[in-house]
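# Tertiary structure, described
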Amino acid sequence: MRVASALLLSLWLASAAFAEFNTVNTPDVLNKNQGIQILKHPEGARQQKQVVAYFPNWSMYRRDFLVNPETIHYEKYTIINYAFFKPLATGHIISTDTWADDNILLGPFIWYPEVSNDYTRSLPYLAAESGVRLLPSIGGWGESSHYPAIAADPAKRQIFVQDCVNLINTFNFNGIDIDWEYPGYAPHNGSAADTANFTLLLQELRTALDSLSITNSEEYLLTACFGATETHMSYIDWANVVPLLDLINFMTYDFSGDWSEYSNHHTPLFPPLDSYSDMSVVGAFTLLTETFMVPAEKINLGLAFYGKAFADCSHLGGTHSGYDTVTFPLDFGEPHYYSIIENIANFTYHWDDQALCPYLLGNDFDTFVTYDDELSIYYKAQLVADHNAAGVIIWDITGDYIETSPNSGIIAGTPLIDAVLNAFPEPQNAPQTPTNLEVVISGSDTILSWDPVTEDVTGQPIEVDYYLIYICNPETNSSIFYLLDMTTTTTYLHQNSTLESRSFLYYIKAVISF
């Protein structure tokens, strides 16, 4: 699996060819790979994908402010959400760190000959120069307890909305991101009344932003974060909320943590085998789109550029004593990707073929680390592309800025965000659709063949590196395809595929390298 990763991460995906015939998929394939829903019409034009990265103000104090407005690779993002501002019980919104906010949002201080800020080095200025939109994220896990009271009170809602407008005018933000974690969540003072009140808050904020757009002749975005459990989803009036939002930021991570009885992947694409939990990215996305009927084209799938280290844990699904704050003290046991890489020599790498994500086990100590690497991030981004979802959100932007060596202060690369971008092809660079797909059944085997793809959609010559093979059972769901295999040739042998007679679809996708 690791041999394939270096190759897969340099691919651009294309449209595909279908074939229908009487056969059956091997039950082992279904059990192993689960289902990845893809578009029924993959030849259709894809929208530009949103790459939304959260930039926490406390990053100013990490690694000597390695990731700052002047070192961010703006070309890799479409939106940056600056986190966090704090809503008070009165409805007013305040800074959580005025020193950091002033340095980042107004620019570094100039002390002589008079105190001022160098705005040309600020996050709003440099983001705007690069065509990246910047939004303040209001709330967050630690600052959401006042939301229920604010949303329930018309006067407090008015104060809150006006302070949002003031934030935009003060710092030249391009909209507002609401991070209420979560409506209906009792530990943060939530109740059933939050469902209607959350909608009211968004409605009034949407009205104010639309009015401001007319005044300033500029479009302002309204986005919000949502939890990825069925309980959190059930407290949202999606039918009325969806039209108010430009983007829905879906936090498909933290499925396990120190609160869990057993260790597990915290952001698996699919649930691992024999897991005590069936929570996964695909499961949450399917629930949101098919049960709650939220359109995929508004959803940004959550990507975690951090992991979780479980102490006194020797295996996946094992007992533990909480987070390992000894190995990862600066991250309190929830290490950023760069911190995991810096400590990788102390661990043994493992890949979960069922969940499609990696994990680490300590070499001479019992610590289990769940995280995403380039390959698992690529698979998640490919899911976004295949579903025609809006894009991704990243917590957080600093996580994959890798130094040439620890504390060097020199950025060597950003491997995780690069993996995301490799899964989001521009339509004009995509290979043409494979043609003349034929199916021959021979005993218990099925043989697929198709003509080689030699040009992209513009007619320019290309060399295809791989073809991806998908399969689905239209009797169950004609839009659910299972990733079966990959091949470098234009033929594929699906062994033991006709154990019983049933109509199935195959789907072939061409891929090319940069």
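The shown structure was predicted, so the numbers you read here are calculated from the model rather than taken from an experiment.

### So, the sheet that holds strand β16 (residues 367-370)
- The sheet built from 4 strands is open, its strands ordered β13-β16-β15-β14 with antiparallel pairing. The open sheet is flanked by β13 (308-311) and β14 (347-352), the only strands paired with a single partner. For this sheet, the mean angle separating the axes of adjacent strands, direction not counted, is 20°.

### Some words on the pattern of salt bridges
- Enumeration according to the criterion identifies 11 salt bridges in this entry.
- A salt bridge links E143 to K86; the shortest N-O distance between them is 3.7 Å. Of this pair, E143 sits in the loop between β8 (133-139) and α5 (147-152) while K86 sits in strand β4 (residues 79-87), placing them 57 residues apart in sequence.
- You can call E143 partly exposed: its relative accessible area is 24%.
- By relative accessible area, which is 25% here, K86 ends up partly exposed.

### Concerning the packing of helix α6 (residues 154-171) against helix α7 (residues 194-216)
- One can describe the packing of α6 onto α7 by two numbers: an axis separation of 10 Å at closest approach and a directional angle of 35°. Both α6 and α7 take part in a crossing whose hand is right-handed. In this structure, α6 contributes R157, Q158, F160, V161, C164, V165, I168 and N169 to the contact, and α7 contributes L200, L201, E204, L205, A208, L209, L212 and N216.

### Some remarks on the environment of L303
- Within the secondary structure layout, L303 lies in strand β12 (residues 299-304).
- When the C-alpha atoms of L303 and I377 are compared, they prove to be 7.3 Å apart, with 74 residues separating the residues in sequence.
- Aside from chain neighbours lying at most four places away, what touches L303 is Y253, I377, K380, V392, I393, I394, W395 and V420.

### Quick word on the nonpolar core
- Of all hydrophobic cores here, the largest spans 104 residues; its most connected members are I72, L123 and I178.
- At 8 residues, the largest contribution of residues to this core is made by helix α12 (residues 374-387).
- Among residues more than four places away in sequence, those in contact with I72 are F55, V67, Y77, I80, L123, I397 and Y401.

### Quick notes on a nonpolar patch on the surface
- A contiguous nonpolar patch, built from W58, Y61, W99, W111, Y112 and V115 and spanning about 780 Å² of accessible area, is present on the exposed surface.
- Residue placement: W58 occurs in the loop between β3 (50-56) and β4.
- The exposure class of W58 is partly exposed, given its relative accessible area of 38%.

### Re the packing of aromatic side chains
- One pass over the structure, following the stated rule, counts 31 aromatic pairs.
- The rings of Y147, F160, W180, F198, F226 and W238 are connected pair by pair, giving a single aromatic cluster.
- Over the face of the ring belonging to Y338 we find R63, whose NZ or CZ atom lies 3.4 Å from the ring centre.

### Description of the pairing of β13
- Because side chains alternate across β13, one face comprises the buried residues K308 and F310, and the other comprises A309 and A311, equally buried.
- Summarising the sheet, β13 and β16 pair through 4 bridges and their orientation is antiparallel. Paired with F310 across the strands is F368, a residue of β16.

### Thoughts on α7
- Under the 1.5 Å per step criterion, the end-to-end length of α7 is 32 Å for 23 residues, consistent within 8% with the ideal 33 Å.
- Every buried residue of α7 is accounted for by D194, N197, F198, T199, L201, L202, L205, R206, A208, L209, L212 and S213.
- Residues of α7 that are buried in the fold lie against α5, α6, β9 (175-179), β10 (221-227) and α9 (238-241).
- Phi for S217, located one or two positions after α7, is positive at around 55°.

What counts as what
Residue indices begin from 1 for each chain and proceed along its sequence in written order. Local features in this predicted model are restricted to residues of pLDDT 70 or higher, and side-chain atom pairs are both shown and tallied only at a pLDDT of 80 or more, whereas totals for entire chains, interfaces and linings draw on every residue. Side-chain metrics in this entry use all non-hydrogen atoms of the structure; hydrogen atoms and water are not considered. At least two bridges found by DSSP between two strands is the condition for calling them paired. Comment: elements are numbered from the N terminus, with helices defined as DSSP H or I runs of at least four residues and strands as E runs of at least two. Where helices are involved, their axes are fitted lines through C-alpha atoms of the stretch in contact, as for all axes, and angles between N-to-C directions lie from 0 to 180°. What counts as a salt bridge is simple: a side-chain nitrogen of Lys or Arg found within 4 Å of a carboxyl oxygen of Asp or Glu. For every residue, the accessible area obtained with a 1.4 Å probe (protein chains only) is divided by the maximum for its type, and the residue is called buried under 20%, exposed over 50%, and partly exposed between those limits. By convention, the crossing between two helices is left-handed when the near helix turns anticlockwise from the far helix through less than a right angle, and right-handed when the turn is clockwise. Here, residues are in contact when the closest pair of their heavy atoms is within 4.5 Å. Within this scheme, the nonpolar core is defined by two criteria: the residues are buried Ala, Val, Leu, Ile, Met, Phe, Trp, Tyr or Cys, and they are joined through side-chain atoms within 4.5 Å. Residues enter patches when their relative accessible area tops 30% and they take part in no salt bridge; the joining distance is 9 Å for like charges and 5 Å for the nonpolar side chains Val, Leu, Ile, Met, Phe, Trp and Tyr. The Shrake-Rupley method, run with a 1.4 Å probe sphere, supplies the accessible areas, and residue values consider only the shown protein chains as cover. Each pair of aromatic rings taken from Phe, Tyr and Trp, with Trp reduced to its six-membered ring, is defined by centres within 6.5 Å and is described as stacked if the planes are under 30 degrees apart, edge-to-face if over 60, and tilted in the remaining cases. Here, a charge over a ring is recorded when the distance from Lys NZ or Arg CZ to the ring centre is within 6 Å and its angle to the ring normal is within 35 degrees. Expected span of a helix, by definition, is 1.5 Å for each gap between consecutive residues, and there is one gap fewer than residues.

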